[in-house]
Amino acid sequence: MARSNVVAMILAGGQGTRLGVLTKDLAKPAVPFGSRYRIIDFTLSNCTNSDIEIVGVLTQYQPLVLNTYIGTGHPWDLDRTNGGTFILPPYQSSSRSDWYLGTANAIYQNIDFIDSYDPRHVLILSGDHIYKMNYAKMLQEHIQQEADATIAVIEVPWAEAHRFGIMNVDKTGQITTFDEKPKNPKSNLASMGVYVFSWDVLRRQLIADDADPESSHDFGKNIIPAMLSENRKLMTHRFRSYWKDVGTIASLWEANMDILDRPEEIDFRDRNWRIYSRNPIKPAHYIAAGARVVNSALTDGCNIYGTVEHSVLSDSVTVEKGAVVRDSILMPGVTVQEGAVLDKCIVANQTIIGKNVQAGAHITKTCIFHNSKLCSDGIIVFERGLKISDQAQIPGNCMVEYREGQEMDDIIEYQFRIR
Amino acid sequence: MFINALGLIMADHRNVQLGELIRPRALSAVPIGGRYRIIDFMLSNMVNSGINSVGVITFNKYKSLMDHLGTGSFWDLDRKTKGLTLLPPYINFASADNGDIDDMTGLLYYLRGERNKYVVVANSNVIFNATFNELVADHEESGADISLLYNLDGIRFGAPNIILETDRRHYVTDMLQNPEKTPTSRCFLGVMVLDRELLIDIVSELMSRGIRVSSIDSMLLRLHKQYRIRAFNYKGLVLRINSISTYFAASMRLLEEQTRQELFWSGRPVFTKVKDEAPSLYSADNTVSNSLISDGCSIYGSVTDSVVFRGVTLSNNAVVNRCVIFQDSYISEGVVLENVILDKNCVVRPGVRLVGQTDYPVVIGKGAIV
């Protein structure tokens, strides 16, 4: 096979523990986002729009939903004769069988896959960020500057810099030192988890890293520091548009609301940079007489008879007469029954909110689902496939999930298997 | 689901005139229901029946149909063998010289290359959601030469129509084209099933006699005395598109709960081309009532009793009432539209007012700037 210029590897195996019940049965990249999409659509569409044709998707945690979602890669134009999408789960070999032990180890275990395309460069991406980025430009920079690695960085507010991997750079943009979540950051350039490596360099690093029993086999913690200590040329690629890590309930909610509040920043309508997704095959959405839909994003298959304000609805959501949905995110197939009122809720797939349910921070009562570790800002999260009891009252910062054989405070009527 | 049949769709219907709407495209490519083309319903019916080989017979203006169908992948018809086959006119030097664009040689090649026993042939001026498994099974069992679908619409959708008279065993005894009065309300639904070999015989015989075989209707009217034709009653919901006013009425019926349930939520999906539009955004002060809205729209104004296709912008203070607005149209501030069909890529300038009548909508052609 002819030598390929670049192979992209998307790290999509993370559990996303901070999303709680939303990632109970599916990997974070497969979580529905922004009405029509799933989180991984952004990275996959970036690849397509950057003319990258060979894309490996590394899966590990709860891969079923993600694997079936990606399928042949057809929705992203990634079903190719030469290249295309490849789902790469951990596997057993004659000498070893391991789960992916870290981001670097996941790539290490797929050296043979990458070698089979004999690429000059490898693009390492993460499957859980919302952004639109032209990787081809970054690759071009990498080649022009004859770098060993190029890392995409974005300026973050100084106050938040301690939450990120921070790159300290010289005037030319070359990385001098790297601080993982520094207490006193010296720079506010955060790594976006988007790397271009020259494959021969990375290949050697991965083999050396695998041999090191002390290593946690992570790009940020091990590979980048090791390359810096060897005085390798590591460059930064400045990214200046919308970028959001949706790793927490609060940031997931915020990023969804950005679609409504900052539509020009995240612009989904740019026909030169479409975000592709697998289509639900549903009719146009229907808004009944007497319904009210304001400041909201809707997609195919929704049927709205009630009120929807400042909310993001995925496909096939039904809001019945007299129901009110405010500042909320309703994932595919959710039903909000008559008279229910939702404030700042994230409702996962197909859950049925019963009649006259009241959920929101204004409800003052104690609740066994209260979860201040994962939920903040009064956001309430509902697991998928639940029927919430009619008349139930749920206060803010709750994560409502089915617990086998436990008291559920008359909040969950039953759980059902979703298809 | 196994069905020993292939599908054949007539992309045009010579007797159905939709004026401006079919100026740039074949009848089957006319947009309907917010995100579909008319052909999507018949194509989905075939695919949902398990038919995995479909030929689409086109005569002219098939560019938009080809754009829409592509490789057939959205209907799962991108197959190594079988799948979707477009059958444009088979023009060679001889036929082009004598102006004969109805040469069906291509169709004969296609039919001879297939292996399925039966052919389901369908017009593209009817919309319903059903499968043909029962029809094909009934046809096989009955031993009839041709079986066709009808319902009890009579002549209320206007011409073109074919009214069937049948005997007790459901065999057709007479066929009437566009009668003024009718003793029966059995109206042909534009779908028939017959043996593939028989269709080959019929088509080649007609061709050898220099007879044009451009529609199922004319073929049936010519042949019904020669063959044993059985009629099969379809009882589900049907929308017939015979004219601009029936097209408009069909669009309005799509807003009714029962119509939407039967056509879209029956468990048999209606497939169409995926456009990857963004979700639709609703402003802080729009009002939308009893309307179907597709992806990629920006709604700032007011929409009542309307069907809005993908990528439409409706500006502030614009009022749209009983309208069908095709893809990517732009409606400026202060516009008032009532009983209007606005074709693709139109721009309506600020303050323009267009009002049609309930049964006679104003039709604005593709790409117009009003």
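These figures come from a predicted structure and were not determined experimentally.

### Comments concerning the packing of helix α6 (residues 199-211) of chain A against helix α7 (residues 219-229) of chain A
All names here are of chain A.
Thought 1: Axis separation between α6 and α7 bottoms out at 11 Å; the angle between their running directions is 115°. For the element pair α6 and α7, the recorded crossing hand is right-handed. In this structure, α6 uses Val 201, Leu 202, Gln 205, Leu 206 and Asp 209 to contact α7, whose residues at the interface are Phe 219, Asn 222, Ile 223, Ala 226 and Met 227.
Thought 2: Residue composition of the contact of α6 with α7, by class: seven nonpolar, two polar and one charged.

### What about the nonpolar core?
Thought 1: Of all hydrophobic cores here, the largest spans 58 residues; its most connected members are Ile 388 and Val 400 of chain A together with Leu 337 of chain B.
Thought 2: Mapped onto this core, the elements with two or more residues apiece are β25 (345-347), β28 (380-382) and β29 (386-388) of chain A together with β25 (340-342) of chain B.
Thought 3: Not counting residues up to four positions away in its chain, the partners in contact with Val 400 of chain A are Val 21, Phe 369, Ile 380, Val 381, Phe 382, Glu 383, Leu 386, Ile 388, Ile 394, Ile 411 and Ile 412 of chain A.
Thought 4: Listed in part, the 40 residues of the second largest apolar core include Ile 52, Ala 152, Trp 243 and Tyr 276 of chain A.

### Remarks on the interface of chain A and chain B
Thought 1: At the interface, 39 residues of chain A touch 38 residues of chain B.
Thought 2: When chain A packs against chain B, the two sides together hide about 3000 Å² of surface, and 49% of this comes from carbon and sulfur.
Thought 3: Arg 271 of chain A serves as the salt-bridge partner of Glu 277 of chain B, at 2.9 Å between the closest nitrogen and oxygen.
Thought 4: Scanning the region where chain A abuts chain B turns up 28 residue pairs in polar contact (both at pLDDT 80 or more).

### As for helix α5 (residues 135-144) of chain A
Residues and elements named next belong to chain A.
Thought 1: Listing the buried residues of α5 in full gives Tyr 135, Met 138, Leu 139 and His 142. The arc that holds every buried residue of α5, seen down its axis, measures 100°, which confines them to one face. Along α5, the residues that are exposed and aim more than 90 degrees away from the buried face are Lys 137 and Gln 144.
Thought 2: The opening residue of α5 is Asn 134, an N-cap whose side-chain oxygen sits 3.0 Å from the backbone nitrogen of Ala 136.

### Focus: the side chain of His 310 of chain A
Residue and element names in this part refer to chain A.
Thought 1: Summarising the element assignment, His 310 is placed in the loop between β18 (307-309) and β19 (312-313).
Thought 2: Its relative accessible area of 18% is what places His 310 among the buried residues.
Thought 3: Side-chain polar atoms of His 310 contact the side chain of Asp 261, separated by 2.7 Å.
Thought 4: Apart from residues no more than four positions distant in its own chain, His 310 is found in contact with Met 257, Leu 260, Asp 261, Val 294, Asn 295, Ser 296, Arg 326, Asp 327 and Ser 328.

### Some thoughts on the pattern of salt bridges
Thought 1: One pass over the full model with this rule turns up 35 salt bridges over all chains.
Thought 2: Where Asp 25 of chain A meets Arg 384 of chain A, a salt bridge forms, and the shortest distance between an N and an O atom there is 3.5 Å. Of this pair, Asp 25 of chain A sits in the loop between β1 (6-11) and β2 (32-33) while Arg 384 of chain A is found in the loop between β28 and β29, placing the two residues 359 residues apart along the sequence.
Thought 3: The partner of Asp 138 of chain B in a salt bridge is Arg 230 of chain B, and the shortest N-O contact between them spans 2.5 Å. Linking Asp 138 of chain B in helix α5 (residues 133-142) with Arg 230 of chain B in strand β12 (residues 229-233), this pair joins segments that are 92 residues apart in sequence.
Thought 4: Each member of the salt-bridge network shares a partner with another, and the members are Lys 244, Glu 254, Asp 258, Arg 262 and Glu 265 of chain A.

### Some thoughts on the sheet that holds strand β24 (residues 336-338) of chain B
Residues and elements named next belong to chain B.
Thought 1: With respect to topology, five strands assemble into an open sheet ordered β15-β18-β21-β24-β27, the strand pairing being parallel. Only two strands of the sheet have a single partner each, and these edge strands are β15 (287-289) and β27 (353-355). Strand-to-strand twist in this sheet, taken as the mean axis angle between neighbours without regard to direction, amounts to 5°.
Thought 2: In this sheet, strand β21 (residues 319-321) lies alongside strand β18 (residues 302-304) in parallel orientation, the contact comprising three bridges. From the neighbouring strand, Val 303 faces β21, where its bridge partner is Val 320.

### Digging into the packing of helix α6 (residues 196-208) of chain B against helix α7 (residues 216-223) of chain B
All names here are of chain B.
Thought 1: One can describe the packing of α6 onto α7 by two numbers: an axis separation of 12 Å at closest approach and a directional angle of 90°. With respect to α7, the element α6 is oriented roughly perpendicular. Taking contact as the criterion, the partners of Leu 199, Ile 202 and Leu 206 in α6 are, on α7, Met 219, Arg 222 and Leu 223.
Thought 2: Partitioned by chemical class, the residues of the contact of α6 with α7 number five nonpolar, no polar and one charged.

### Concerning a negative patch on the surface
Thought 1: Judged by side-chain charge, Asp 77 and Asp 79 of chain A together with Asp 76 and Asp 78 of chain B come together as a negatively charged surface patch.
Thought 2: The residue Asp 78 of chain B is located in the loop between α2 (63-69) and β5 (83-87) in this model.

### Focus on the domain arrangement of chain B
Residue and element names in this part refer to chain B.
Thought 1: For chain B, the assigned domains are domain 1 (5-264) and domain 2 (281-364).
Thought 2: Taking only C-alpha atoms, the centre of domain 1 and the centre of domain 2 are 32 Å apart.
Thought 3: On the domain 2 side, the residues contacting the 19 residues of domain 1 number 24 residues.
Thought 4: A per-residue breakdown of the area domain 1 buries against domain 2 is headed by Gly 34, Phe 248 and Leu 255, which together make up 35% of the total.
Thought 5: At the boundary of domain 1 with domain 2, the tally comes to one salt bridge.
Thought 6: Residue Asp 343 is joined to Arg 25 by a salt bridge in which the shortest nitrogen-to-oxygen separation is 2.8 Å.
Thought 7: Linking domain 1 to domain 2 there are three residue pairs in polar contact (both at pLDDT 80 or more).
Thought 8: Counting only elements with at least two residues in the side of domain 1 that touches domain 2, the list comes to β2 (31-32), β3 (36-37) and α8 (244-253).
Thought 9: Sort the elements by how many residues they give to the side of domain 1 that touches domain 2 and α8 lands first, with six residues.
Thought 10: Of the residues in the side of domain 1 that touches domain 2, the class split is 10 nonpolar, four polar and five charged.

### Concerning the pairing of strand β8 (residues 146-151) of chain B
Residue and element names in this part refer to chain B.
Thought 1: Most of β8 sits inside the fold, with six of its six residues counted as buried.
Thought 2: On β8, burial covers both faces: Ile 146, Leu 148 and Tyr 150 on one face and Ser 147, Leu 149 and Asn 151 on the other are all buried.
Thought 3: Two elements, β8 and strand β11 (residues 187-195), share five bridges in a ladder whose sense is antiparallel. Opposite Leu 148, over in β11, you have Met 192 as the bridge partner.
Thought 4: In this sheet, β12 lies alongside β8 in parallel orientation, the contact comprising five bridges.

### Things to note about α5 of chain B
Residues and elements named next belong to chain B.
Thought 1: Of all the positions in α5, only Leu 135, Val 136 and His 139 are classed as buried. For α5, the angular spread of buried residues about the axis comes to 95°, placing them on one side. Away from its buried face, by an angle of more than 90 degrees, α5 presents the exposed residues Glu 134 and Glu 141.
Thought 2: On its buried face, α5 sits against β6 (118-122), β8, β11 and β12.

Calculation criteria
- Residues numbered from 1 in each chain as written.
- Chains lettered and ligands numbered in written order.
- Predicted model: local features only at pLDDT ≥ 70, side-chain atom pairs only at ≥ 80, totals over all residues.
- Heavy atoms only, no water.
- Axes fitted to C-alpha atoms, helices over the stretch in contact; angles between N-to-C directions.
- Helix = DSSP H or I, 4+ residues; strand = E, 2+ residues; numbered from the N terminus.
- Left-handed = near helix turned anticlockwise from the far one by under 90°.
- Contact = heavy atoms within 4.5 Å.
- Nonpolar A, V, L, I, M, F, W, Y, C, P; charged D, E, K, R; others polar.
- Core = buried A, V, L, I, M, F, W, Y, C linked by side-chain atoms within 4.5 Å.
- Buried < 20%, exposed > 50% of the residue type's maximum accessible area, 1.4 Å probe, protein only.
- Buried area = accessible area lost by both parts, 1.4 Å probe.
- Salt bridge = Lys/Arg side-chain N within 4 Å of Asp/Glu carboxyl O.
- Polar contact = N/O pair within 3.5 Å; in protein donor to acceptor, adjacent residues only side chain to side chain.
- Arc of directions from axis to C-beta.
- Pairing = 2+ DSSP bridges.
- Parallel < 35°, antiparallel > 145°, perpendicular 65-115°, else oblique.
- Patch = residues over 30% accessible without salt bridge, like charges linked within 9 Å, V, L, I, M, F, W, Y side chains within 5 Å.
- Areas by Shrake-Rupley, 256 points an atom, 1.4 Å probe, with all protein chains shown as cover.
- Lys, Arg positive; Asp, Glu negative; His and termini not counted.
- Charge placed at Lys NZ, Arg CZ, Asp CG, Glu CD.
- Domains from an automatic or database assignment.

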